[in-house]
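Chain and residue survey
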Amino acid sequence: MTTSPEASSADHTAAATSTSGRPRVVIVGSGFGGLFAAKALKRAPVDVTVVAKTSHHLFQPLLYQVATGILSEGEIAPATREILRGQRNARVVLGEVTGIDLAARTVTSTVLGRTTVHPYDELIVAAGAGQSYFGNDHFAEFAPGMKSIDDALELRGRIFGAFELAEIATSQREIDRLMTFVVVGAGPTGVEMAGQIAELARRTLRKDFRNIDTSQARIVLLDAAPQVLPSFGEKLGDRARRQLNGMGVEVQLGAMVTDVDADGLEVKDPDGVIRRIPAATKIWAAGVQASELGRVLGEQSGAEVDRAGRIAVLPDLTLPGHPEVHVVGDMMALDKLPGVAQVAIQGGRYAAKSIVGRLSGKPAQPPFRYFDKGSMATISRFSAVADIGRFKFEGFIAWVLWLVVHLMYIVGFKSRITTVFHWLISFLGRGRSQRVATQQQVYGRLALEQLGPDFSVAKTGGSKKPAAAGPDDATARRSA
Ligand SMILES: Cc1cc2nc3c(=O)[nH]c(=O)nc-3n(C[C@H](O)[C@H](O)[C@H](O)COP(=O)(O)OP(=O)(O)OC[C@H]3O[C@@H](n4cnc5c(N)ncnc54)[C@H](O)[C@@H]3O)c2cc1C
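Residues numbered from 1 in each chain as written. Predicted model: local features only at pLDDT ≥ 70, side-chain atom pairs only at ≥ 80, totals over all residues. Heavy atoms only, no water.

**Quick look at the pairing of strand 7 (residues 114-119)**
Using the following cut-off: The cut-offs for exposure are 20% and 50% of the maximum accessible area for each residue type, with area from a 1.4 Å probe on protein chains only; residues under the lower value are buried, those over the upper are exposed, and the others partly exposed. The numbering of helices and of strands both runs from the N terminus, where a helix is a DSSP run of H or I of at least 4 residues and a strand a run of E of at least 2. Note on pairing: DSSP must find at least two bridges between two strands before they are called paired.
The buried fraction of strand 7 is high, at five of six residues. Here six bridges tie strand 6 (residues 106-111) to strand 7, and the two strands are oriented antiparallel to one another. Paired with Thr110 across the strands is Thr115, a residue of strand 7. Hairpin remark: strand 6 followed by strand 7, antiparallel, with two residues in the connecting loop; positive phi at Leu112, about 45°.

**Brief notes about helix 11 (residues 396-409)**
We count it as follows: Expected helix span is given by 1.5 Å per residue-to-residue step, counting one fewer step than there are residues. By construction, the arc corresponds to the directions joining the helix axis to the C-beta atoms.
For helix 11, spanning 14 residues, the distance from its first C-alpha to its last is 20 Å, which sits close to the expected 20 Å at 1.5 Å a residue. For helix 11, every residue scored as buried is listed here: Ala398, Trp399, Trp402, His406 and Tyr409. Angular distribution of buried residues about the axis of helix 11 spans 100°; they occupy a single face of the element. Facing away from the buried side of helix 11, by more than 90 degrees, are the exposed residues Ile397 and Met408.

**Here's the deal with the packing of aromatic side chains**
Here is the rule we go by: Any two of the Phe, Tyr and Trp rings considered here, Trp counted by its six-membered ring, make a pair once their centres fall within 6.5 Å; the pair's planes then place it as stacked at under 30 degrees, edge-to-face at over 60, or tilted in between. Here, a charge over a ring means that NZ of Lys or CZ of Arg falls within 6 Å of the ring centre while also lying within 35 degrees of the ring normal.
Scanning the model with the defined rule gives 14 aromatic pairs in all. Ring centres of Phe163 and Phe209 lie 6.2 Å apart, and the angle between their planes is 40°; this geometry places the pair in the tilted category. In this pair, Phe163 sits in helix 5 (residues 149-168) while Phe209 sits in the loop between helix 7 (188-204) and strand 11 (218-223), placing the two residues 46 residues apart along the sequence. Both residues of the pair, Phe163 and Phe209, belong to the buried class. Taken together, the ring pairs in this structure connect Phe382, Phe396, Trp399, Trp402, Trp423 and Phe427 into an aromatic cluster. The side chain of Lys39 reaches across the aromatic face of Phe36, ending 5.5 Å from its centre.

**Regarding the UniProt feature "domain: FAD/NAD(P)-binding" (unreviewed entry) in the protein chain**
The cut-off we apply is this: UniProt positions are given in the numbering used here, feature names are shortened, and annotations may be inferred rather than shown by experiment.
According to UniProt, the feature "domain: FAD/NAD(P)-binding" (unreviewed entry) maps to residues 24-348 in the numbering used here. Measuring from the first to the last C-alpha atom of residues 24-348 gives 16 Å, for a span that is 30% helix and 28% strand.

**Let's talk about the nonpolar core**
Which entries qualify depends on this criterion: Nonpolar cores were defined as sets of buried Ala, Val, Leu, Ile, Met, Phe, Trp, Tyr and Cys residues, with membership established by side-chain atoms within 4.5 Å. For every domain, the bounds stem from an assignment made automatically or drawn from a database. Should any heavy atoms of two residues lie within 4.5 Å, those residues are considered in contact.
The biggest cluster of nonpolar side chains holds 117 residues, and the ones touching the most others in it are Ile100 and Phe163. At nine residues, helix 5 tops the list of elements feeding residues into this core. For this core, the two domains that each supply at least three residues are domain 1 (5-131 + 289-359) and domain 2 (137-286 + 374-427). Apart from residues lying up to four places away in sequence, Ile100 is in contact with Thr106, Val107, Leu123, Val125, Leu293, Val296, Leu297 and Gln300.

**Topic: the sheet that holds strand 24 (residues 391-395)**
In any sheet, the strands associate via hydrogen bonds between backbone groups, in a parallel or an antiparallel arrangement. For clarity, the threshold we go by: All axes are obtained by fitting lines to C-alpha atoms, using only the stretch in contact for helices, and the reported angles, taken between N-to-C directions, cover 0 to 180 degrees.
Reading across from one edge, 22-23-24 is the order of the three strands in this open sheet, with antiparallel pairing throughout. Looking at the sheet topology across the chains shown, the edges are occupied by strand 22 (375-380) and strand 24. Across the sheet, the mean angle separating the axes of adjacent strands is 5° when strand polarity is ignored. Together, strand 22, strand 23 (383-388) and strand 24 form the strand contacts of helix 11, whose direction differs from that of strand 24 by roughly 100°.

**With respect to the UniProt feature "transmembrane region" (unreviewed entry) in the protein chain**
The feature "transmembrane region" (unreviewed entry), as given by UniProt, occupies residues 396-413 in the numbering adopted here. As annotated, residues 396-413 has a helix share of 83% and a strand share of 0%, and its two end C-alpha atoms lie 25 Å apart.

**Points about the domain arrangement of the protein chain**
Stated formally: Each of two parts loses accessible area, computed with a 1.4 Å probe, when they are put together; buried area is these two losses added.
Here the domain parsing of the protein chain yields domain 1 (5-131 + 289-359) and domain 2 (137-286 + 374-427). The C-alpha centroid of domain 2 is placed 31 Å from the C-alpha centroid of domain 1. On the domain 2 side, the residues contacting the 31 residues of domain 1 number 33 residues. Summed over both partners, the interface of domain 1 with domain 2 buries about 2700 Å², with 64% contributed by carbon and sulfur atoms.

**Comments concerning the environment of Val66**
Looking at where Val66 falls in the secondary structure, it is placed in helix 2 (residues 63-67). Judged by relative accessible area, which is 0%, Val66 ranks as buried. On a C-alpha basis, the gap between Val66 and Gly272 in space is 37 Å, while along the polypeptide they are 206 residues apart. In contact with Val66, not counting residues within four places along its chain, are Leu71, Ser72, Glu73, Ile76, Ala152, Leu153 and Arg156.

**Overview of the side chain of Asn89**
Inclusion rule: Polar contact criterion, stated in full: a pair of N or O atoms within 3.5 Å, where within protein one must be able to donate a hydrogen and the other to accept it, and residues adjacent in sequence count only if both atoms are side-chain atoms.
Relative to the helices and strands, Asn89 is located in the loop between helix 4 (80-83) and strand 4 (90-94). From its side chain, Asn89 meets the backbone oxygen of Ala44 in a polar contact 3.3 Å long. Setting aside anything within four residues of it in sequence, one finds Asn89 in contact with Arg22, Leu41, Lys42, Ala44, Val46, Asp47 and Val48.

What follows is the structure in structure tokens.
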């Protein structure tokens, strides 16, 4: 590894072996794909370097519980360094990967202007996916997505903040706008989010305010598709829709968002009529775009990159002409596999096994086969839907299954214990123990944008696209 405050071409020197003499495996990303690949290499005679732009492993399926005050961020995002503490052959490096050179076999990462070059013998790329606004990136300003801890904390601030502002609003129109929450995207994340906001408004916050009746909050879940939870099939989707309706969530299907601004959003119905929903809080849960690194790898290897930015991999999850480069998880396109945690976990483990086999001269493994363990989504406390092979569950049984599975995959004993504790508080009682939202959480992203693109590039080494900073005050522009 070479580190320098400024990258130079002299840094890009790949040696065949590391100082320990063992093959070097570089893993990009500490999400499900990256972390499980690293762990699967625990006993392998290799040196593993995990490079990721966050210092934690994020359990994305529970982000909505951080956004709605049930869990703390630490419970779903343990430090990667701590998880791999006992794995002697693994090291963790913080940095955003800005370049991969397949010919030189190097990965370049940057953090706060410090560039590090990591030579590799084997590479696993598991950089995941971000939110997609389907070409309308300006929506992001008013309708944050839910992909990171920053997103969840910002949303927490916006959701709880909207009730606070409604309490002191002076006109009914303003109260209505502040107490309208629109979730765009009726997949599992959107359904879970809408269900939780409904519980928050109708149950948790009911006795906390004096001037407003939080149970009158309007919660809208909308999607351009004709069904809720399309991947779960018609029966479960319909069941989820009816249950959401029963909780007072308006489900609007076939509704396409055409514009979003600070005060609300415009929606086009199937009959072509465009209408407006005044709403202070908008949440985007409608689409993903794979990491930019997919395009970087596609350009160099000739592998196809689809519209969602996913790179087509060979059946053994490698790139054409590069058996040493493995791409797993949300970034890869193979047999229309879904972007779910199990695809990433199983892909990461498969890539690790391929590497061990290749290095010890064993014949190649059979092609990657995904074992579908099923899908689940919660709707409210005590109610969920689960689609497991030939079996479809709903209601309390599905919810218990959901509880057990999620608990199993939360990383770390400590986090499991405190998660159970917080679930007891929220599901058996009325409380939400994580309601804190600081101004920095709500406005931090906006303030950083105002510092301009040069600042964000220096800090993260990330996108060089100019950020959309306006001349006026960020807090006034975009707050609830
Ligand atoms: C809100 C939400 C809810 C979900 N719910 C479920 C669910 O209930 N069940 C389910 O199975 N799946 C769910 N998913 C999907 C699941 O989380 C993903 O499929 C899974 O995380 C993909 O794993 P991955 O390793 O490919 O990417 P990720 O887990 O996203 O990890 C990507 C890693 O790469 C790092 N990274 C990204 N770019 C760079 C870069 N340039 N340089 C360095 N590091 C980089 C990131 O910091 C991160 O560590 C959900 C996703 C979201 C967002």
